[in-house]
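Breakdown of the fold
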Amino acid sequence: MSTLETVETAPRKGTGLAFGYVTTLFFAWGFATSLIDPLIAAVKKVFELSYTEAFLTTFAWFIAYGVASLPAAAVLARLGYSRAIIAALATMVLGCLIVPLSTMADFYPGILVALFVIASGVTLLQVAANPLVAELGSRKSSHFRLVFSQAFNSFGATVGPWLGSHLLLTGGVFAAGAVVTVATRGQSMRSIDLAFLALGAFFAVVAAFIFSARKQINAAAPARTGGDASLVSALGSPWALFGCLAIFLYVGAEVAIGSMLTNFLASDSVLGLPLEAAGKMLVLYWGGAMVGRFVGSLVLRVVPAGVLLAICTVVAAILCVVVMQTGGSMAAYAALAIGFFNSIMFPTIFTLTLERSSAPASATSGLLVFGIIGGAILPLISGRIADASGGVLNPAFVVPLIGYLALTVFAIAAARKTPLSETITPVTGGH
């Protein structure tokens, strides 16, 4: 056994404690990302925006993955795991502090800037935390650690909409019978401030925990370098490009649906709920993804990944058709059920691509992370369709429908393609 293999397989002191701290990061960015959904409904009414304008919140958030992913890799290489994570959390705190400044100035673009800053921190957090989890223990148990941490990411995404709806969509302009006035707008803006100041405080506490555990993290997972992480090498692999497109479509479809759900469930033609109640129902969408990840991890033991992915994409496409062609509770629960079938898509697309890409794994992974910018583009297209339909959201589900149909093609192609390598390093993500 080589020296490198000995280092990789031997347990390192303090990995359990370090793993516990790092797992909180998955919860943190899942929670933060899911707050965008109720925030869309909040800013739409407070700033009197169209759907296209309101969906700029998702654009500002997810475009950060395309802009910040490569600088984030450089920051990680320079600072190492613990300092990069602390820098990421500090960036997220800064973004949260920009929000109250923007609401005091009654300046919606300032909120978009704040979301971009927070998401840039989240990008660095993901670039650091995903490989760190794989390092904190033996390679043999890395799959369990990644699935466990990813479950906490889903837990954060489940709690976020419920708590966010309670803070963002109550009182002020959202009170029963309220008229949009300077006073009610001011009250709603203070609610937005409170939500993001509390979020910033949470990030600061997590940063303090990571700072206190920095020695254990550095000892348990020393920084490593090596390998060609250049996107240029990945651009030469058809499967890396195909996988990037698949991630683009998947994240775009998932985010587009999440962005529409609060207003969709609140519309008179669906459930006619108050916005707060509709926002809290997103727990079923993101909670379905959390449950689906546990179920999917078991099913994948007996069903090939490409086959299971095809099944999930086909069912998700059918559910989109149901939403477009019906109304009331049937359309509502069909939309919410899509979350369950979304659950295994991101990690499955990732691993299927890594198995078939001819580019180095690091380069392929970098290109796949870049594909997350689909969450910035597809929701805007959905918003334009909703605005063109007179504010009716059902037709806008054609965007995720097309995405899921394209993903079915990817899944079938992957199922028919023999992997280049039978052994890959598990990769996870927060989607």
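Residues numbered from 1 in each chain as written. Predicted model: local features only at pLDDT ≥ 70, side-chain atom pairs only at ≥ 80, totals over all residues. Heavy atoms only, no water.

1. As for the overall build of the protein
- The helix and strand tally for the protein stands at 20 helices and zero strands.
- Burial analysis of the protein (431 residues in total) assigns 55% to the buried set.
- Within the protein, contacts between residues separated by at least 24 positions form 84% of all contacts whose residues are at least 6 apart in sequence.
- Carbon together with sulfur atoms contributes 71% to the accessible area of the protein, which is approximately 16800 Å² in total. (Helix = DSSP H or I, 4+ residues; strand = E, 2+ residues; numbered from the N terminus. Buried < 20%, exposed > 50% of the residue type's maximum accessible area, 1.4 Å probe, protein only. Contact = heavy atoms within 4.5 Å. Areas by Shrake-Rupley, 256 points an atom, 1.4 Å probe, with all protein chains shown as cover.)

2. Quick word on a nonpolar patch on the surface
- Residues F148, F152 and F155 make up a contiguous nonpolar surface patch of roughly 250 Å² in combined accessible area.
- Of note, F148 is situated in helix α8 (residues 142-168).
- Residue classification places F148 among the partly exposed positions, given a relative accessible area of 34%. (Patch = residues over 30% accessible without salt bridge, like charges linked within 9 Å, V, L, I, M, F, W, Y side chains within 5 Å. Salt bridge = Lys/Arg side-chain N within 4 Å of Asp/Glu carboxyl O.)

3. Looking at the pattern of salt bridges
- Summed over all chains, the structure comprises four salt bridges.
- Between R185 and D106 there is a salt bridge, and its shortest N-O distance comes to 3.0 Å. Here R185, found in helix α9 (residues 182-212), pairs with D106, found in the loop between α6 (81-104) and α7 (108-135); they are 79 residues apart in sequence, far enough to count as distant.
- Between E355 and R356 there is a salt bridge, with its nearest N and O atoms 2.8 Å apart.

4. Re helix α14 (residues 282-299)
- The end-to-end C-alpha distance of α14 is 25 Å, a good match for the 26 Å that 18 residues give at a rise of 1.5 Å each.
- Of the residues making up α14, those classed as buried are L282, Y285, W286, G287, G288, A289, M290, G292, R293 and G296. (Expected span 1.5 Å × (residues − 1).)

5. A few points about the packing of helix α3 (residues 36-46) against helix α12 (residues 238-266)
- Axis separation between α3 and α12 bottoms out at 8 Å; the angle between their running directions is 55°. Regarding the angle of α3 to α12, the classification is oblique. In terms of crossing hand, the pair formed by α3 and α12 is right-handed. Where α3 approaches α12, its residues D37, P38, I40, A41 and K44 are matched on the opposing element by G258, S259, T262 and N263.
- In terms of residue class, the contact of α3 with α12 is built from three nonpolar, four polar and two charged. (Axes fitted to C-alpha atoms, helices over the stretch in contact; angles between N-to-C directions. Parallel < 35°, antiparallel > 145°, perpendicular 65-115°, else oblique. Left-handed = near helix turned anticlockwise from the far one by under 90°. Nonpolar A, V, L, I, M, F, W, Y, C, P; charged D, E, K, R; others polar.)

6. Some words on helix α16 (residues 328-342)
- Its 15 residues give α16 an end-to-end C-alpha distance of 22 Å, which sits within 8% of 21 Å, the value for a rise of 1.5 Å per residue.
- Listed as buried for α16 are G328, A331, A332, A334, A335, L336, I338, G339 and N342.
- Buried residues along α16 sit against α12, α14, α15 (305-325), α17 (345-356) and α20 (398-416).

7. Concerning the side chain of S34
- Checked against the element boundaries, S34 lands in helix α2 (residues 15-34).
- Its relative accessible area of 2% is what places S34 among the buried residues.
- Leave out the neighbours within four places in its chain, and S34 touches G156, A157, G160 and P161.

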